[in-house]
Amino acid sequence: MSATRSNVQDLETAVIELKAKALKNKFEEMFVYGSTSSNAKQFDGLRKIIDTGTAGNQVIAMGATGATLTLAKLDELIDAVKGGKPDMLLMSRRSRRKINSLVRAAGGMTETDRDQWGNFVQLWDSVPIGVNDWILDTHVLSGSVETATTGGACSTIYAVQFGEGALSGLTSPGFLHAEPVGPLETKDASRTRVKWYVSLALFSAVKAAALIGVQD
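So, here is what we can say about the structure in this document. None of the values given here were measured: they were computed from a predicted structure.

So, how was this worked out
- Residues numbered from 1 in each chain as written.
- Predicted model: local features only at pLDDT ≥ 70, side-chain atom pairs only at ≥ 80, totals over all residues.
- Heavy atoms only, no water.
- Helix = DSSP H or I, 4+ residues; strand = E, 2+ residues; numbered from the N terminus.
- Buried < 20%, exposed > 50% of the residue type's maximum accessible area, 1.4 Å probe, protein only.
- Pairing = 2+ DSSP bridges.
- Salt bridge = Lys/Arg side-chain N within 4 Å of Asp/Glu carboxyl O.

1. A look at the side chain of N132
Phase 1: Mapping N132 onto the fold places it in the loop between β6 (127-131) and β7 (140-142).
Phase 2: Overall, the relative accessible area of 5% leaves N132 in the buried class.

In structure tokens, the structure reads:
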């Protein structure tokens, strides 16, 4: 009897876990594309913080209308971050595949290391390569300005330093929080609110950079 009870799923816990996972996915999307001007409930993500809408010292363009990624441009992106190397290169899966292809074509292999949880991480010039599944490969680059519209073939690679004085996360006490609301009056059900008040802050413009117009 005890074995049977242990196999019974806690539906409430499962639903809360699914909500928390959905919130995590939304955070990863807003981390890149969040914009308070389009939605007051969002926070400004990397795209807006670095201001990839205009070319500047921290925004490097792969040509006037985009071009195939080169390792030289990737090095230029890393050098755009001042006061030490970036802590991460953040990109789409397509961009990561392209880096692997370029390195193999040059007769080499990307470096690998283990993160603090023991997972293997790829490196370029000793900088960890991170993948964000929300970074699009369908933007348009025109005149060194990358628009957020789809229909193109361009993507962006971000180089960032994390921590105090660089790119930092801001959150309310308690971080992600599941708050029981209680029984509903209109139906035989109860509600739990999963919430997280979070934002980003870039304390120095030279601690982040973007390579726009990246094509396959």
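2. Quick notes on the pairing of strand β3 (residues 88-91)
Regular strands place their side chains on alternate faces of the sheet.
Phase 1: Relative to strand β9 (residues 155-160), β3 is paired through 3 bridges, and the arrangement is antiparallel. What sits directly across from L89, in β9, is A159.
Phase 2: By the bridge criterion, 3 bridges tie β3 to β6 in an arrangement that is parallel. Residue pairing for β6: M91 is matched across the bridge by V131.

3. With respect to the pattern of salt bridges
Phase 1: Scanning the model with the defined rule gives 9 salt bridges in all.
Phase 2: For E76, the salt bridge is made with K73, and the minimal N-O distance between the two is 3.3 Å. Linking E76 with K73, this pair stays in helix α4 (residues 71-80), spanning 3 residues, or about one helical turn.
Phase 3: With a closest N to O distance of 2.9 Å, E179 and R193 form a salt bridge. With E179 in strand β11 (residues 177-183) and R193 in strand β12 (residues 190-195), this residue pair connects regions lying 14 residues apart in the sequence.
Phase 4: When its relative accessible area of 24% is taken as the criterion, E179 is described as partly exposed.
Phase 5: Through salt bridges that share partners, E179, R193 and K195 make up one connected network.

4. A few points about the pairing of strand β14 (residues 208-215)
Phase 1: Summarising burial for β14: 7 of the 8 residues are buried, a large majority.
Phase 2: Alignment of strand β1 (residues 59-61) against β14, held across 3 bridges, turns out to be parallel. Across the sheet, I60 pairs through a bridge with L211, a residue of β14.
Phase 3: As paired strands, strand β2 (residues 67-68) and β14 are joined by 2 bridges and run parallel to one another. Residue A67 lies in a different strand from β14, and its bridge partner there is V214.
Phase 4: The pairing of β9 with β14 spans 5 bridges and is classified as antiparallel. Pairing of A159 across the sheet is with A209, part of β14.

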